[in-house]
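Commentary on secondary and tertiary structure
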Amino acid sequence: VQLVESGGGLVQSGGSLRRSCAAPTSIFSISIMGWFRQAPGKQRELVATITSGGSTNYADSVKGRFTISRDNDKNTVYLQMDSLEPEDTAKYYCNAKKLPFRLDYWGQGTQVTVSS
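Source: prediction; values computed, not measured.

This brings us to the sheet that holds strand β3 (residues 17-22). On the basis of which strands lie adjacent, the open sheet formed by four strands has the order β1-β3-β8-β7 and antiparallel pairing. Only two strands of the sheet have a single neighbouring strand rather than two, namely β1 (4-7) and β7 (66-71). Neighbouring strand axes in the sheet, compared pairwise and without regard to direction, differ in orientation by 15 degrees on average. Alignment of β3 against strand β8 (residues 76-81), held across six bridges, turns out to be antiparallel. The partner of cysteine 21 across the bridge, within β8, is valine 77.

Here is the key point about a regular strand: its side chains alternate between the two faces of the sheet. In terms of burial, β8 is largely enclosed, as five of its six residues are buried. Across six bridges, the pairing between β7 and β8 is antiparallel. Within β8, the position partnered with isoleucine 68 by the bridge is leucine 79. Taking the residues between adjacent antiparallel strands as the criterion, β7 and β8 are bridged by four residues, where asparagine 75 takes a positive phi near 55 degrees.

What counts, and where the lines are drawn
- Residues numbered from 1 in each chain as written.
- Predicted model: local features only at pLDDT ≥ 70, side-chain atom pairs only at ≥ 80, totals over all residues.
- Heavy atoms only, no water.
- Pairing = 2+ DSSP bridges.
- Helix = DSSP H or I, 4+ residues; strand = E, 2+ residues; numbered from the N terminus.
- Axes fitted to C-alpha atoms, helices over the stretch in contact; angles between N-to-C directions.
- Buried < 20%, exposed > 50% of the residue type's maximum accessible area, 1.4 Å probe, protein only.

Geometric descriptors of this kind do not, in isolation, establish any biological role.
If you want it as structure tokens, here you go:
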């Protein structure tokens, strides 16, 4: 199973980036989709999740700046990142938790670097 990510890159502090992640229909339709990130020397942490019904959850550090959304017709989840800060620099990973057993599937990860 492959989650295909796109977007990311280098941006200045205060800028914006948009990530997207496409998943197979067999996974996407019955999964909680989410984004995680991992900075050098740190553990992977949750950024945001969204259920098939559209309920969202965010890490405190990104609330008000990041927005997760999903297009169920395109089997794609998005992460809009605004007001980016150098502390947001990390490798970002798309995640699908396939219900009911919450089996994890991961994208390949893409580096996001925010310069000050």
